[in-house]
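What follows is the residue order along each chain.
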Amino acid sequence: MAKPDRTCAQCGEAVVGRADKRFCSSQCRAMASNQRRSDDAGEQRMREINARLRHNRQVLQRASPEGKTTLKRQVLELAGFDFGHFTHLYRTQKGNTYYFCYDFGYLLLEDEKVLIVNWQPYMEK
Ligand SMILES: [Zn+2]
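This section reports on the structure supplied with the text. Note on numbering: residues in each chain are counted from 1, in written sequence order. Restriction of local features to residues with pLDDT of at least 70 applies here, the model being predicted, together with a cutoff of 80 or more for giving and counting side-chain atom pairs; totals for whole chains, interfaces and linings are based on all residues. The side-chain figures draw on all heavy atoms in the structure; neither hydrogens nor water molecules are used.

**A word on the coordination of the zinc ion**
Taken together, the protein ligands of the zinc ion are Cys8 (SG), Cys11 (SG), Cys24 (SG) and Cys28 (SG), with distances of 2.2 to 2.4 Å. Relative to the metal, the 4 donor atoms surrounding the zinc ion lie at angles of 105 to 117 degrees, and the coordination shape comes out tetrahedral. For Na, K and Ca the donor cut-off is 3.2 Å; for every other metal, N, O and S atoms count as donors within 2.8 Å. Water does not enter the count, which can leave sites looking incomplete. Written as a sequence motif, the donor arrangement for the zinc ion is C-x2-C-x12-C-x3-C. Taken together, the positions of Cys11 in the segment before α1 (26-63) and Cys28 in helix α1 put the pair 17 residues apart, joining distant regions of the chain. Given the relative accessible area of 41%, Cys11 is considered partly exposed. For Cys28, a relative accessible area of 7% puts it in the buried group. In this scheme the shape depends on donor count and angles: four donors with every angle between 85 and 135 degrees give tetrahedral, four or six donors with opposite pairs above 155 degrees and others between 65 and 115 give square planar or octahedral in turn, and any other case is irregular. Numbering of helices and strands starts at the N terminus; helices are DSSP runs of H or I of at least 4 residues and strands are runs of E of at least 2. Burial classification: accessible surface area is computed with a 1.4 Å probe over protein chains only, and a residue below 20% of its type maximum counts as buried, one above 50% as exposed, and the rest as partly exposed.

Structural data, given as structure tokens:
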């Protein structure tokens, strides 16, 4: 006899059949498996982005362990710095925008230069 207290892990409908059956239908089983695949893909993308951000932070830290250093943008690029990834922005009252990778940030200057800074408590909103 089928136990009436089992429900489909996907839709919640009653499941009839073998004791190890988790889904009411093959559609529900397929939907659950697609869901899991897309969750895995999302996790993988986040890991890749996190790795880029951590690398960016490391490049900034090595280039400017104390913060406040001006150097050529190319120096960062040669170290594999990715200008497309950052964690947050800080906009000064003068209208300058600092791009941060965690606690290290930079400001793009004229002549292909960048100013590297450390995050400061007053930058908290
Ligand atoms: Zn179902």
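**Things to note about the nonpolar core**
By nonpolar core we mean a set of buried residues, namely Ala, Val, Leu, Ile, Met, Phe, Trp, Tyr and Cys, connected to one another through side-chain atoms within 4.5 Å. Core analysis: the biggest nonpolar cluster contains 11 residues, these being Val59, Leu60, Leu71, Leu76, Phe81, Phe83, Cys101, Phe104, Tyr106, Val114 and Ile116. Only α1, β4 (104-108) and β5 (113-118) provide two or more residues apiece to this core. Beyond its immediate chain neighbours, meaning those up to four positions away, Ile116 contacts Leu60, Ala63, Ser64, Gly67, Lys68, Thr69, Leu71, Leu76, Phe104, Gly105 and Tyr106. Of all hydrophobic cores here, the second largest spans 7 residues; its members include Tyr90, Leu107, Leu115 and Val117. Residue contacts follow a heavy-atom distance rule, with two residues in contact if any of their heavy atoms lie within 4.5 Å.

**Here's the deal with unusual backbone geometry**
Positive phi outside glycine occurs at Tyr102, with the angle close to 60 degrees. Within the element layout of this structure, Tyr102 appears in the loop between β3 (97-101) and β4. The residue Glu112 is not glycine, and still its phi comes out positive at about 60 degrees. Here Glu112 lies in the loop between β4 and β5. What makes Glu112 exposed here is its relative accessible area of 54%.

**Section: the packing of aromatic side chains**
Whether two aromatic rings pair depends on their centres lying within 6.5 Å, for rings of Phe, Tyr and Trp, where Trp uses its six-membered ring; planes under 30 degrees apart make the pair stacked, over 60 edge-to-face, and the rest tilted. Per the stated rule, a full pass over the model turns up 7 aromatic pairs. Ring centres of Phe81 and Phe83 lie 4.8 Å apart, and the angle between their planes is 70 degrees; this geometry places the pair in the edge-to-face category. For Phe81, a relative accessible area of 6% puts it in the buried group. Residue classification places Phe83 among the buried positions, given a relative accessible area of 17%. Where Phe86 meets Tyr99, the ring centres are 4.9 Å apart and the plane angle is 80 degrees; that geometry is what we call edge-to-face. Remark: Tyr99 occurs in strand β3 and Phe86 occurs in the loop between α2 (73-78) and β2 (88-91); sequence separation between them is 13 residues. Overall, the relative accessible area of 32% leaves Phe86 in the partly exposed class.

**Describing the pairing of β5**
Of all 6 residues in β5, 5 are buried, a share of seventy percent or more. Two strands qualify as a pair provided that DSSP identifies no fewer than 2 bridges between them. Here 4 bridges tie strand β1 (residues 69-72) to β5, and the two strands are oriented antiparallel to one another. Residue pairing for β5: Leu71 is matched across the bridge by Val114. When β4 meets β5, the two strands line up antiparallel, connected through 5 bridges. Bridging across to β5, Tyr106 finds its partner in Ile116. Where β4 folds back onto β5 in an antiparallel hairpin, the turn is made up of 4 residues, including Asp111, whose phi is positive at roughly 60 degrees.

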